[in-house]
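Residue-level structure breakdown
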Amino acid sequence: MKEKLYKKEIWLTIVFTVLLMLTGHSATLFVLFPGLQQGTMWGFPIQYILPIVLGWFGLALVCWVMAVVCNRFDDEMEALAEQEKKNRVTVKTA
Amino acid sequence: MAAEYALSNIWIGVGVVVILFAIFYYVGWWASRKTTSEEDFYAAGFSIGPVTNGLGMAATWASLATFLGVIALIQKLQVPFVYLWIQWAISIPLLTLLYGTSLRRMKAFTPATFIRARYGKPSTIIIVCWMMLIMVMYALGQMIGLGQAFELLFGVPYSTGLVVAGLATVGFITMGGMYGASYNAAFQMIVMTLAMVVPMGAIMKAMGSSGWWFPPLAYGDMVPSMLEKIPTFFDMKYDLRWYFALIPAFTLGPVALPHLAMRVFTSSSVKSARWAVVWFTIFLGLLFSGTYVAGFAGNFFEAVTGKAIAKPDQTLLILNVFYNPTLVAAFVMGGALAAGLSTIGGNLMAIAGLVGNDLLGILAPDMEKRKKIRWGYVALGLGGVAAILLAFQPPKFLVTSILWAFGLLATTATPAILLGVWWKEANKLAMIISSTICGVLYIVISPHVLPGIVVGKGLAAALGMSGGMVTVPLSFAMFILLSLAFNRMSALAAYAPSLEDKKVIDRIHGWGDEYDETRYNGTVWPIAVAVVCLLVFWWGLQPWS
């Protein structure tokens, strides 16, 4: 259980770090793949408006998911800590 | 300074500023009555809810530059500067994810509180000195902006504007401590958002856009005219390395900014901090998008009317004077002031925390709590007065660029915090050596101190992007490799992390007293990170076009 939670913490941190970087640095993708610099969205060139939208709504969405998932993870950690505490009390009492 | 911008009725400007300051002082006075402990003074009693804190985070991050400097830079550099600005929104989410919630769990007042628990006193002094330098640069830049704003608004000499605006600002921040800074910042964020976005709607309508009802994203119908006048406006202009270089200096630097981290620490709980971040992204996104449209409109104004804006810093104000009534233009100026004040509030609280709590905790560990709070107030007030005095005749080195300072912080403090939180092998001596050497190297290879020794050219060098691409990865790699080496030398055993140091890491990650030596303690991943960092370092050293 502890090992599983530890790995989960590491993976959550890596995945959300990558997602945050993608929302903040999406403009780099248009330099890396210049072929993507085609078309428009809401009247703007795609390479202009998409980084703005991702840096606002995309980021908000990632942070919302991050809050939900990481807060649930904290609940699991707290439950584990509580269980460990109970186990220690039981051992002492015995 | 001859201003292109001038209010037709100066008393309307005076009225707006007096009303705003009256509100800030009332909040400061109300907050002072709530402040009875160190927790209240430095962390608002760890009590700020998600929406207020989200507003406060956004206000603290958005400085006077959001209203003045960035618009000028969008006019100069066009779209690449918009990209540079966009990535700043991820700084607080990233710091919250990577260490903010962990440090909130240990009830730290500043990131240096953690440095002291993890690395000990000498390392803390090094980190506090770097952070203080950057906070002073930051506060100084805002003070200069405030002085210029008063000069512009009321036509008074710069020095008079500086003293009046500076002392009035330091007064309400010192009075209110972190409670006052938090609630004032939340209010200031509302003022600056309204001042940025709503008047832009009227300006866009006057410019003929049908998207005036939602200025941040609905100005697409102006694009064809813009392209006709400025065909290169949306060009990406720079190569891949320029965009990659945003990461070491501008993404990793703000992650360690103490005044941003302190906003996370004021949250009422770890979970509340994460929800505050969601609100932060929404509020900041709205304000930043307003900045982008202001930059776009400034270019559009020049292209369509043929009028040149000689002082691009004043673009937003000039547009408002040109298209909107005096009261609206004065309110926009009030929004710019609010942006500066909220950042100064954060800077001064960080200085107070670093001096009053972290340094004093080392120099006088047995001092009574009541005395410590008093010293905190003194540090806060003196920090503000020092920023005002420096702003009279600012040393060129200190005002060169706040943006440049981000690379310095990324080099000196970010590796210490991130590796300290995530890696048990992080060694105290390795931290001191890598932070000091790479910090000095960053200053040396910038064009601001020794122009003969520079990595990179032009804007990339001036903003610290090329320098940061060299020293930030070098600092990470040096820290990791030296830690691995020093921890295996018996002569340096005193600098190796003790069991108590390692227990700190497990505790702040939420494991309580349940310690496991194998957690956060590998060597493969850190070595892989060091190798990648060395590759980036090598890339940064290649000639810049």
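The structure presented is a predicted model; accordingly, all values stated were derived computationally and were not measured. (Residues numbered from 1 in each chain as written. Chains lettered and ligands numbered in written order. Predicted model: local features only at pLDDT ≥ 70, side-chain atom pairs only at ≥ 80, totals over all residues.)

Attention shifts here to the overall build of chain A. The helix and strand tally for chain A stands at 3 helices and 2 strands. In sequence order, chain A lays out its α and β elements as α-α-β-β-α. Computed over C-alpha atoms, the radius of gyration of chain A comes to 21 Å, more than 25% over the 12 Å expected from 2.2 N^0.38 for 94 residues, which places it beyond the range of a compact globule. For chain A, the C-alpha atoms occupy an extent of roughly 70 × 20 × 10 Å along the three principal directions. The buried share of chain A, taken over its 94 residues, is 31%. In chain A, the share of contacts with a sequence separation of at least 24, taken over all contacts with a separation of at least 6, comes to 67%. (Helix = DSSP H or I, 4+ residues; strand = E, 2+ residues; numbered from the N terminus. Rg over C-alpha atoms; globule rule 2.2 N^0.38 Å. Buried ≥ 20, exposed ≤ 12 C-beta atoms within 10 Å, placed from the backbone. Contact = placed C-beta atoms within 7 Å.)

A separate point is the interface of chain B and chain A. Facing the 38 residues of chain B at the interface are 37 residues of chain A. Those elements that place two or more of their residues in the side of chain B that touches chain A are α5 (79–86), α6 (91–105), α11 (240–244), α12 (246–251), α14 (270–305) and α24 (499–511) of chain B. Examining the composition of the side of chain B that touches chain A, we find that 11 residues originate from one element, α14 of chain B, more than from any other.

Averaged over all residues, the pLDDT of chain B equals 90, while 98% of them reach at least 70. In the predicted assembly, ipTM is 0.93 and pTM is 0.93. (pLDDT = per-residue confidence, 0-100.)

Moving on, we come to the domain arrangement of chain B. Residue and element names in this part refer to chain B. Its domain assignment divides chain B into domain 1 (10–392) and domain 2 (403–545). Placing a centre on the C-alpha atoms of domain 1 and another on those of domain 2 gives a separation of 27 Å. Per-element tally for the side of domain 1 that touches domain 2: the top contributor is helix α8 (residues 121–154), with 9 residues. For the side of domain 1 that touches domain 2, the per-class residue count stands at 28 nonpolar, 4 polar and 4 charged. (Domains from an automatic or database assignment. Nonpolar A, V, L, I, M, F, W, Y, C, P; charged D, E, K, R; others polar.)

Let's shift gears to the environment of Ser209 of chain B. Residue and element names in this part refer to chain B. In this fold, Ser209 is placed in the loop between α9 (158–206) and α10 (223–229). On the neighbour-count criterion, Ser209 (21 C-beta atoms within 10 Å) is buried. Between the alpha carbons of Ser209 and Val223 there is a distance of 9.9 Å; along the sequence they are 14 residues apart. Ignoring any residue separated from it by four or fewer positions in sequence, one finds Ser209 in contact with Met204, Tyr219, Asp221 and Met222.

Our focus in this paragraph is helix α13 (residues 258–265) of chain B. For an α-helix, 3.6 residues make a turn, and residues three or four places apart therefore share a direction. In terms of residue burial, α13 of chain B counts as a mostly covered element, since 8 of its 8 residues are buried. Within the span of α13 of chain B, buried status applies to Pro258, His259, Leu260, Ala261, Met262, Arg263, Val264 and Phe265 of chain B.

This next bit is on the environment of Tyr99 of chain B. Residue and element names in this part refer to chain B. With respect to the secondary-structure elements, Tyr99 resides in helix α6. The class of Tyr99 is buried, set by 24 C-beta atoms lying within 10 Å. In contact with Tyr99, other than residues within four places in its own chain, are Ile417, Leu418 and Val421.

Glancing now at the nonpolar core. The nonpolar side chains of a soluble globular protein tend to be buried with one another. Residue and element names in this part refer to chain B. Counting 219 residues, the largest nonpolar core has Ala58, Met143, Met192, Ala297 and Leu409 as the members making the most contacts within it. The greatest single-element share of this core, amounting to 22 residues, is contributed by α9. Counting residues domain by domain, this core receives three or more from each of domain 1 (10–392) and domain 2 (403–545). Once residues lying within four places of it in the same chain are set aside, the contact partners of Leu409 are Trp130, Ile134, Gly253, Ala256, Leu257 and Thr414. (Core = buried A, V, L, I, M, F, W, Y, C linked by C-beta atoms within 7 Å.)

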